[in-house]
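Chain and residue survey
As a plain string of letters, each chain reads:
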Amino acid sequence: MKPIHIIGGGLAGSEAAWQVAQAGVPVVLHEMRPVRGTDAHKTDGLAELVCSNSFRSDDAETNAVGVLHAEMRLAGSLIMSSGDANQVPAGGALAVDREGFSEAVTEALEAHPLITIAREEITGLPPEEWDEAIIATGPLTAPALAEAISAATGSESLAFFDAIAPIVHFDTINLDIAWFQSRYDKVGPGGTGKDYINCPMDKAQYEAFIQALLDGGKTEFKEWEGTPYFDGCLPIEVMAERGPETLRHGPMKPMGLTNAHKPDEKPYAVVQLRQDNALGTLYNMVGFQTKLKYGEQTHIFRMIPGLETAEFARLGGLHRNTYLNSPALLDGTLQLKTRTGLRFAGQITGCEGYVESAAMGLIAGRFAAAARLGRPLTPPPATTAFGALLNHITGGHILSEDEPGKRSFQPMNVNFGLFPPIEVPKPEGKRLRGKEKTLAKKRAMSARALADCKAWLEGAAAEIAAE
Ligand SMILES: Cc1cc2nc3c(=O)[nH]c(=O)nc-3n(C[C@H](O)[C@H](O)[C@H](O)COP(=O)(O)OP(=O)(O)OC[C@H]3O[C@@H](n4cnc5c(N)ncnc54)[C@H](O)[C@@H]3O)c2cc1C
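Reference entry: report on the structure contained in this document.

**Some remarks on the overall build of the protein chain**
Each helix and strand in the protein chain was counted, giving twelve helices and 16 strands. Viewed in the frame of its principal axes, the protein chain has a C-alpha envelope of about 75 × 60 × 45 Å. For the protein chain, buried positions account for 56% of its 467 residues. When the 44 basic and 57 acidic side-chain charges of the protein chain are each reduced to a single mean position, those positions are 5 Å apart.

Structure, rendered in structure tokens:
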């Protein structure tokens, strides 16, 4: 059987290689380290963790990444079994001994009879004879390959920095203060004239907000990242530094908006949020990319009227990061729409984090192996953490058309806002409210995800057994 070629032996590529080989298909895994390094990796081990040693929460009942852990374990993940075998104490989180973890992954892949590891840099798109291939070269993809991907997909399609604005769970926005309206009630393509959620500020609130931005702690760029500020994408705190009125003439301008709750009061400034996913569960803060520290962001953004109790699905950031405009380029099996058999996996697809990257490696590996074996694989249901993440990458995100030249697709961790909503069964004689209701929803979504994931995996196994 012809092998599947996987480029990049990081979190995603290592998991993809394992899944393909476990399906009985040979793999060649091409990893450039130690022949060529990256700015962040320090060893030649596979699945090296470049920064923190945490896989985050291991709670599969009320935390979306914990659910993803559990689904990956069900699917026989090498990343999870190696993480579990090298666990260090970290409360409710799964943290690992990074060296032991990377060694365990490397040893398992080296020992697998169907896996060949080639230590070499791949400098162009996979040649045609690699008819099934996965590119999993991560946020620091080597330049020659990045250029080849960019040339094949269009220069706008591959980003080299993310510029992340915070995303808020819709059901935590106070619509007694905020209101729906597009600027000048403009309908636009596919719009209704009420596409944005607007949060009003008076002069005192605006001035206090600007001061908080100036005072807030910022994250520094790493030396090798450079300072990737470009027009239309300045962090809000940098705009605030340029003068107190800058934001009021930029993303916080109040023009063309009338406060539906107080039509006679002209807002001094307005923060706008735009629907981010097709489900309508997430809204992003328009133009609010930032390098403020995470803790500061939560506290400062809750100063915005209407967002006092906002819960954030994603906080803002700006990093060096190579990733595709996946909703436009990839199909539901992570395959490039313009080239059958070429898939992408890991952070380059627009997910964020070790676990999410490995999960997308797992899924890409399963799709590739199924294609090689001539056994089409049904995608994981949208109700699973696998499916929720896959849908975000390949179809759930709404690409913004009303801000030409700006990319709206930005990397994201797995979170419950990506899952289809669920009705929580009411306990007899009791009405759930507030935190209790949120927790009940999370429990219900987690239980549904794990049941559906089991059924999906068992369905695939049963089809193979029937053959
Ligand atoms: C500085 C930094 C800090 C981060 N901190 C965290 C964190 O604390 N927690 C977290 O969850 N996530 C963090 N991330 C994100 C993290 O990198 C990713 O989530 C994860 O490692 C991505 O997995 P991946 O497999 O997609 O890419 P990687 O793990 O980066 O793997 C890609 C592999 O491809 C290889 N490669 C690249 N180009 C080529 C080529 N042309 N030919 C052959 N091989 C190639 C690389 O050497 C590398 O081994 C951080 C990222 C960066 C850049």
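**Some words on the sheet that holds strand β3 (residues 54-57)**
As summarised here, the arrangement of the three strands in space is β3-β5-β4, forming an open sheet in which the pairing is antiparallel. What marks the edges here is a single partner per strand, and that holds for β3 and β4 (87-88). Across two bridges, the pairing between β3 and strand β5 (residues 93-96) is antiparallel. Bridge assignment links Ser-57 to a residue of β5, and that residue is Ala-93. Along the sheet, helix α2 (residues 64-74) makes contact with β3 and β5, crossing β3 at roughly 115°.

**Considering the sheet that holds strand β2 (residues 27-31)**
The strands that make up a sheet are held in pairs by hydrogen bonds between backbone atoms, and each pair lies either parallel or antiparallel. The strand order across the open sheet built from five strands is β6-β2-β1-β7-β16, with neighbouring strands paired in parallel fashion. The sheet terminates laterally at β6 (115-119) and β16 (342-344), the two strands that pair on one side only. Mean inter-strand twist for the sheet, computed between neighbouring axes without regard to direction, equals 20°.

**Regarding the site of the ligand**
In the vicinity of the ligand lie 32 residues, with Ala-12, Glu-31, Arg-33, Gln-347 and Tyr-354 positioned nearest. Between the ligand and Met-32 there is a distance of 3.2 Å, counted from a nitrogen atom to a backbone nitrogen or oxygen. Taking Ser-52, its main chain carries an N or O atom lying 3.2 Å from an oxygen atom of the ligand. Considered on its own, the ligand offers 970 Å² of accessible surface; in the complex 91% of this is hidden by protein. At the level of secondary structure, the elements contributing two or more residues to the shell around the ligand comprise α1 (11-22), β2 and α10 (354-372). Taken together, the residues of the shell around the ligand break down into 14 nonpolar, 14 polar and four charged.

**Notes on the packing of helix α3 (residues 78-85) against helix α4 (residues 98-111)**
Across the interface, α3 lies against α4 with an axial gap of 9 Å and an inter-helix angle of 135°. With respect to their mutual orientation, α3 and α4 come out oblique. Like other packed secondary-structure pairs, α3 and α4 cross with a definite hand, here right-handed. Every residue of α4 that contacts α3 at Leu-78, Ile-79, Ser-82 and Gly-83 is listed here: Phe-101, Ala-104, Val-105, Ala-108 and Leu-109. When its residues are assigned to classes, the contact of α3 with α4 shows seven nonpolar, two polar and no charged.

**Describing the state of the cysteines**
All told, the structure shown has zero disulfides when counted by the stated rule. The closest cysteine sulfur to the non-disulfide-bonded Cys-453 is located on Cys-351, 17 Å from its own sulfur. Overall, the relative accessible area of 0% leaves Cys-453 in the buried class.

**Regarding the packing of α2 against α10**
Closest axis-to-axis distance for the α2/α10 pair is 10 Å, and the angle between their directions is 35°. The hand of the α2/α10 crossing is left-handed. Together, Val-65, Leu-68, His-69 and Met-72 of α2 and Val-355, Glu-356, Ala-358, Ala-359 and Leu-362 of α10 make up the contact between the two elements. Residues of the contact of α2 with α10, tallied by class, amount to seven nonpolar, one polar and one charged.

**Focus on the side chain of Gln-347**
Inspection of the secondary structure puts Gln-347 in the loop between β16 and α10. Apart from residues lying up to four places away in sequence, Gln-347 is in contact with Pro-139, Asn-321, Thr-322, Tyr-323, Glu-352, Gly-353 and Ser-357.

**Quick notes on helix α12 (residues 434-466)**
Its 33 residues place the ends of α12 48 Å apart at the C-alpha level, agreeing with the 48 Å of an ideal helix rising 1.5 Å per residue. Within α12, burial applies to Ala-440, Ala-444, Met-445, Ser-446, Arg-448, Ala-449, Leu-450, Cys-453, Trp-456, Leu-457 and Ala-460. Taken together, the buried residues of α12 touch α2, α10 and α11 (385-396).

**Things to note about unusual backbone geometry**
A cis geometry characterises the amide bond from Arg-33 onward to Pro-34, with omega recorded as 5°. Tracing the sequence through the fold places Pro-34 in the loop between β2 and β3. In the Ramachandran plot, Ala-47 falls in the positive-phi region, its phi being about 50° despite a non-glycine side chain. Within the secondary structure, Ala-47 sits in the loop between β2 and β3. Taking relative accessible area as the criterion, Ala-47 reaches 0% and is therefore assigned buried. A positive phi angle, close to 70°, is found at Arg-56, a residue other than glycine. Relative accessible area serves as the criterion here: at 28%, Arg-56 is assigned to the partly exposed category.

**Details of α3**
Every α-helical turn comprises 3.6 residues, leaving residues that sit three or four positions apart pointing alike. By the burial criterion, the buried members of α3 are Leu-78, Ile-79, Met-80, Ser-82 and Gly-83. The N-cap of α3, judged by a side-chain oxygen 3.2 Å from the amide nitrogen of Ile-79 a few residues on, is Ser-77.

**Structural notes on the pairing of strand β15 (residues 317-324)**
Burial runs high along β15: six of the eight residues are buried. Strand direction decides the pairing type here: strand β8 (residues 158-164) and β15, joined by six bridges, are antiparallel. Residue pairing across strands places Ala-163 opposite Leu-318, the latter belonging to β15.

Criteria and thresholds
Residues numbered from 1 in each chain as written. Predicted model: local features only at pLDDT ≥ 70, side-chain atom pairs only at ≥ 80, totals over all residues. Heavy atoms only, no water. Helix = DSSP H or I, 4+ residues; strand = E, 2+ residues; numbered from the N terminus. Buried < 20%, exposed > 50% of the residue type's maximum accessible area, 1.4 Å probe, protein only. Lys, Arg positive; Asp, Glu negative; His and termini not counted. Charge placed at Lys NZ, Arg CZ, Asp CG, Glu CD. Pairing = 2+ DSSP bridges. Contact = heavy atoms within 4.5 Å. Axes fitted to C-alpha atoms, helices over the stretch in contact; angles between N-to-C directions. Near = heavy atom within 4 Å. Polar contact = N/O pair within 3.5 Å; in protein donor to acceptor, adjacent residues only side chain to side chain. Areas by Shrake-Rupley, 256 points an atom, 1.4 Å probe, with all protein chains shown as cover. Nonpolar A, V, L, I, M, F, W, Y, C, P; charged D, E, K, R; others polar. Parallel < 35°, antiparallel > 145°, perpendicular 65-115°, else oblique. Left-handed = near helix turned anticlockwise from the far one by under 90°. Disulfide = S-S within 2.5 Å. Expected span 1.5 Å × (residues − 1).

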